[in-house]
Amino acid sequence: MVSLTSSAIWDEIEKSESYLVCCMFEEAITLSSSVVERLRKADYSETIQDVELVDMLESAGMVYVQALKELGRTSEILNELKVLFGSVTSIPVQVLLTGSCFLISDESTSDLSELLKEYLGKWRLVDDEGQRYVLANAENSNGAFLKGSDGRCILEIEKYLEVVEVYAVTLLGKVLNDTDNAIAWVEQAELPEGNRQDLLRRLRSLYSLKATKSSQDVETPMYETHADSGQDAISGVEQASSITSKASHSLNGRDSLNKESILKLSKRVEPCFWWYRSVTLKFGDARLVISHGKIVLWGSFFLFISYILRKKRATLKGIISKQASSVKKALLDMWQLAFSVQVNPLAAVQSLPSSTSR
């Protein structure tokens with residue numbers, strides 16, 4: 001036999017939990033299943049206490065179930081748990097409840113009803129030393145439950161009722177809508193009488209709600225058959241008048257609804273046509289028609305131009321001053337060029353030199 005220490009087992013369970021937190025789901029499944037298998041097969045009587053063994057199996061099983069769900073293998077949880085723990089009754093209660101909730105949320109409830117029914121049927125209610133549940137036969141639970149003085153596996157009544165809650169109320173009553181079967185099972189199950197009556201009251205309220213809903217779905221007949229022909233004629237006239245009045249009310253209601261819908265539609269469409277509305281300006285005999293859209297466009301254009309002028313004012317001033325200085329310089333150059341030619345003031349009175357005589 002292999003002797004196991006509690007500290008070594010807890011270290012491996014914590015390691016599998018860290019794998020689960022780090023999204024290493026395959027590693028978490030491998031390590032947690034290895035812990036469960038070794039706890040089931042090893043000799044732990046001298047190194048691990050009974051209570052601690054139950055906690056270890058439950059912790060490792062919880063890691064195993066959650067890793068299966070994260071890998072998208074929720075539908076395999078039932079078969080995997082039965083293989084891992086060896087039997088249905090060997091599965092820890094908390095692990096069974098968690099796996100059942102995962103299956104219900106994933107809508108994979110085809111075999112869940114039979115498994116829970118089988119699990120609950122394995123336990124018997126006894127009154128010695130207080131109310132508790134024990135396994136009905138000498139079936140070995142592989143350490144998943146505490147053992148009493150007589151060596152039988154013990155299940156606390158609160159945990160058993162939690163499984164009953166999931167099976168009878170949640171699964172049969174709410175998910176599968178099989179309230180009749182749930183009520184019949186609760187009436188025959190080994191339950192404390194107070195808890196039985198509470199469950200029956202809740203299931204019957206579910207049944208009454210379902211019956212009320214189904215009765216509302218049934219259409220009531222428009223005409224009732226009478227034996228007397230005169231009564232038929234009177235009832236036919238009364239029904240015809242009532243139908244006519246109902247029709248007129250319905251027509252009036254339709255008219256009012258149409259008016260309301262038209263008003264609502266006009267309110268929604270009115271802002272869309274605002275863009276195309278026009279403003280007429282008169283200048284004597286001349287008329288100028290400008291639409292709102294053009295006004296908005298031209299206004300936006302002028303605002304844009306003014307914005308550009310404000311932002312580029314310094315640049316424009318520089319350009320204008322530069323152009324003005326260049327023009328001024330050009331004019332000065334022309335003026336200097338025009339008056340820089342030297343003119344002889346005596347040229348007008350001087351005679352031309354006479355030609356030489358021949």
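Residues numbered from 1 in each chain as written. Predicted model: local features only at pLDDT ≥ 70, side-chain atom pairs only at ≥ 80, totals over all residues. Heavy atoms only, no water.

- Per an unreviewed UniProt entry, the protein carries the name 3-phosphoinositide-dependent protein kinase-1 and comes from Papaver nudicaule.

### Looking at the packing of helix α5 (residues 93-105) against helix α7 (residues 157-175)
- It is the contact of α5 with α7, at a shortest axis distance of 10 Å, that shows an interaxial angle of 15 degrees. On the basis of the axis angle, α5 is roughly parallel to α7. As for the relative orientation of α5 and α7, their crossing is left-handed in sense. Only K159, E162, V163, V166, T170, L171 and V175 of α7 make contact with α5, whose side of the interface consists of V93, L97, S100 and I104.
- In the contact of α5 with α7, the residues fall into 7 nonpolar, 2 polar and 2 charged. (Axes fitted to C-alpha atoms, helices over the stretch in contact; angles between N-to-C directions. Helix = DSSP H or I, 4+ residues; strand = E, 2+ residues; numbered from the N terminus. Parallel < 35°, antiparallel > 145°, perpendicular 65-115°, else oblique. Left-handed = near helix turned anticlockwise from the far one by under 90°. Contact = heavy atoms within 4.5 Å. Nonpolar A, V, L, I, M, F, W, Y, C, P; charged D, E, K, R; others polar.)

### So, the pattern of salt bridges
- This model, assessed by the stated rule, comprises 8 salt bridges.
- A salt bridge links E190 to R124; its shortest N-O distance comes to 3.6 Å. With a gap of 66 residues between them, E190 in the loop between α8 (179-188) and α9 (193-217) and R124 in strand β1 (residues 123-126) connect regions that are remote in the sequence.
- Judged by its relative accessible area of 35%, E190 is partly exposed. (Salt bridge = Lys/Arg side-chain N within 4 Å of Asp/Glu carboxyl O. Buried < 20%, exposed > 50% of the residue type's maximum accessible area, 1.4 Å probe, protein only.)

### Examining helix α6 (residues 112-121)
- Those residues of α6 not exposed but buried are L112, S113, L115, L116, Y119 and L120. Viewed along the axis of α6, the buried residues span an arc of 165 degrees, placing them on a single side of the element. (Arc of directions from axis to C-beta.)

### Some words on a nonpolar patch on the surface
- Together, W298, F301, F302, F304, I305, Y307, I308, L309, L316, I319 and I320 make up an exposed nonpolar region whose accessible area comes to about 1100 Å².
- For the nonpolar patch, the elements supplying multiple residues, two or more each, are α11 (292-311) and α12 (313-339).
- Take the nonpolar patch: its biggest share by element is 8 residues, from α11.
- By the element assignment, W298 lies in helix α11. (Patch = residues over 30% accessible without salt bridge, like charges linked within 9 Å, V, L, I, M, F, W, Y side chains within 5 Å. Areas by Shrake-Rupley, 256 points an atom, 1.4 Å probe, with all protein chains shown as cover.)

### Looking at the packing of aromatic side chains
- In this structure the tally under the stated criterion is 3 aromatic pairs.
- Their ring planes at 20 degrees and their centres at 3.7 Å tell us that Y133 and Y160 sit as a pair that is stacked. One end of the pair, Y133, is in strand β2 (residues 132-135); the other, Y160, is in helix α7, with 27 residues separating them in the sequence. Each member of the pair, Y133 together with Y160, is buried. (Phe/Tyr/Trp six-rings, centres within 6.5 Å; stacked < 30°, edge-to-face > 60°.)

### A few points about unusual backbone geometry
- The backbone of C23 sits at a positive phi, close to 65 degrees, despite the residue not being glycine.
- Examined against the element boundaries, C23 turns out to sit in the loop between α1 (6-21) and α2 (25-41).
- According to the relative accessible area criterion, C23 is exposed, its value standing at 54%.

### Some thoughts on the side chain of S108
- By the element assignment, S108 lies in the loop between α5 and α6.
- There is a polar contact of 3.2 Å between the side chain of S108 and the side chain of D106. (Polar contact = N/O pair within 3.5 Å; in protein donor to acceptor, adjacent residues only side chain to side chain.)

### Points about the nonpolar core
- Core analysis: the largest hydrophobic core is formed by 68 residues, its most contacted members being L116, Y119, W123 and L191.
- Sorting elements by how many residues they give to this core places α7 first, with 11 residues.
- Excluding anything up to four places from it in sequence, L191 contacts L125, Y133, Y160, L161, V164, V186, R196 and L199. (Core = buried A, V, L, I, M, F, W, Y, C linked by side-chain atoms within 4.5 Å.)

### Focus: the pairing of β2
- Side chains of β2 alternate between two faces, with R132 and V134 and Y133 and L135 buried alike.
- Examined bridge by bridge, β1 and β2 share 4 bridges and lie antiparallel to one another. Each residue of the ladder has a partner; that of L125, found in β2, is Y133.
- Taken together, the 2 bridges between β2 and strand β4 (residues 153-155) define a ladder with antiparallel strand orientation. Bridging from a neighbouring strand, Y133 pairs with L155 of β4. (Pairing = 2+ DSSP bridges.)

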